[in-house]
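Fold and geometry: a report
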Amino acid sequence: FLAVAFFSYVNDYRHADETALSLLQNNSSIRQEGNLTILTPDVGNDTGRGLIFYPGGKVEDTAYLPLLEKLRTQGVTVALVKMPFNLAVFDINAADKVPDTVPSVSRWYIGGHSLGGAMASSFIAGKEDRFGGLILLGAYPVNDSPIPTLCIYGSEDIMLDKTKLTDVANVLELAGGNHAQFGNYGTQEGDGVASISREAQQTKAAEAMVAFLTTD
């Protein structure tokens, strides 16, 4: 019974929409390798910076391609991790293997959305010397790591405990944004109603992420 309940739970996940799937199918700069979807900048536009990205809980990894494509076009390599059962708790250390898979990156960062962000924060503890920083979307740090951290959230996100962001120096609130619109998987039960478009929320988030990834 427990096994049936578990598989019923994990198989009820949020799927990537047609916009995200179209990117995967039609963009030659995006390739899948094992459990990674790798977004490679164009030649001559490569900053040498890379972001390992953990998806939100029970969200199909490719749902984040529209957001992450905005980083790729600005010269950032992205390694999007497909998690077992779409839950980052089952492979918190997935980032360990990424640098060897994408050796062209000179400085790695890590981040994620929601549960994925929390697991990225958990992973980074004790490994700060290997990464340039941590990016959390609709998430908060789960430890007191000294690593430079950027937290971005939507003002209409009622799923995030914003009191947990008080000790983070670099926090950006996106006016009108919510929890789900960082990804392309539709709406999410329990989320607030956004007053800006998904495209607008992702554009603003990407601008802040690129600045964080490339200014040190």
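Quick look at the structure, then. (Residues numbered from 1 in each chain as written. Predicted model: local features only at pLDDT ≥ 70, side-chain atom pairs only at ≥ 80, totals over all residues. Heavy atoms only, no water.)

For the rest of this paragraph, the subject is the overall build of the protein chain. If you tally the helices and strands in the protein chain, you get six helices and eight strands. Start at the N end of the protein chain and walk to the C end: the helices and strands fall as α-α-β-β-β-α-β-α-β-α-β-β-β-α. Computed over C-alpha atoms, the radius of gyration of the protein chain comes to 16 Å, within 12% of the 17 Å expected from 2.2 N^0.38 for 216 residues, which places it in the range of a compact globule. Dimensions of the protein chain along its principal axes, counting C-alpha atoms only, are 50 × 35 × 35 Å. (Helix = DSSP H or I, 4+ residues; strand = E, 2+ residues; numbered from the N terminus. Rg over C-alpha atoms; globule rule 2.2 N^0.38 Å.)

Turning to the pairing of strand β3 (residues 49–54), a few remarks are in order. The buried fraction of β3 is high, at six of six residues. Here β3 shows a buried face lined by Arg49, Leu51 and Phe53 and a second buried face lined by Gly50, Ile52 and Tyr54. Here β3 runs beside strand β4 (residues 77–81); their pairing, made up of four bridges, is parallel. For glycine 50, the partnering residue across the bridge sits in β4 and is threonine 77. With helix α3 (residues 65–72) bridging β3 and the parallel β4, this β-α-β connection has right-handed handedness. (Buried < 20%, exposed > 50% of the residue type's maximum accessible area, 1.4 Å probe, protein only. Pairing = 2+ DSSP bridges. Right-handed = clockwise from strand over helix to strand, strands pointing away.)

Strand order in the open sheet made by the eight strands is β1-β2-β4-β3-β5-β6-β7-β8, with mixed pairing throughout. Pairing within the sheet leaves two strands with one partner each, and these edge strands are β1 (30–33) and β8 (170–174). Direction aside, neighbouring strands of the sheet carry axes that sit 20 degrees apart on average. Bridge analysis of strand β5 (residues 107–113) against strand β6 (residues 134–137) gives four bridges, and the strand direction is parallel. Bridge pairing in β6 links glycine 111 to isoleucine 135. Against the sheet, helix α6 (residues 198–214) makes contact with β3, β5, β6, β7 (149–154) and β8, and its axis sits at roughly 175 degrees relative to β7, the strand it touches most. (Axes fitted to C-alpha atoms, helices over the stretch in contact; angles between N-to-C directions. Contact = heavy atoms within 4.5 Å.)

Any empty space left between the atoms is revealed when a probe the size of a water molecule rolls over them. Within the structure shown, the criterion is met by one cavity of 30 Å³ or more. Its boundaries defined by the atoms lining it, the largest cavity holds a volume of some 40 Å³. The wall of the largest cavity is formed by Pro55, Gly56, Val59, Asp61, Val81, Lys82, Met83, Asn86 and Leu87. Within the lining of the largest cavity, the residues separate by chemical class into five nonpolar, two polar and two charged. (1 Å grid on protein atoms, 1.4 Å probe; cavity = no way out; pocket = protein on both sides within 12 Å on 5 of 7 lines; lining within 4 Å. Points joined across faces, edges and corners; volume = space filled by probe spheres on them. Nonpolar A, V, L, I, M, F, W, Y, C, P; charged D, E, K, R; others polar.)

What follows covers the side chain of glutamine 202. Mapped onto the elements, glutamine 202 comes out in helix α6. Of note is the side chain of glutamine 202, whose polar atom sits 3.5 Å from the backbone oxygen of phenylalanine 182. Among all residues touching glutamine 202, those that are not within four sequence positions of it are Pro66, Leu67, Lys70, Gln181, Phe182, Gly183 and Asn184. (Polar contact = N/O pair within 3.5 Å; in protein donor to acceptor, adjacent residues only side chain to side chain.)

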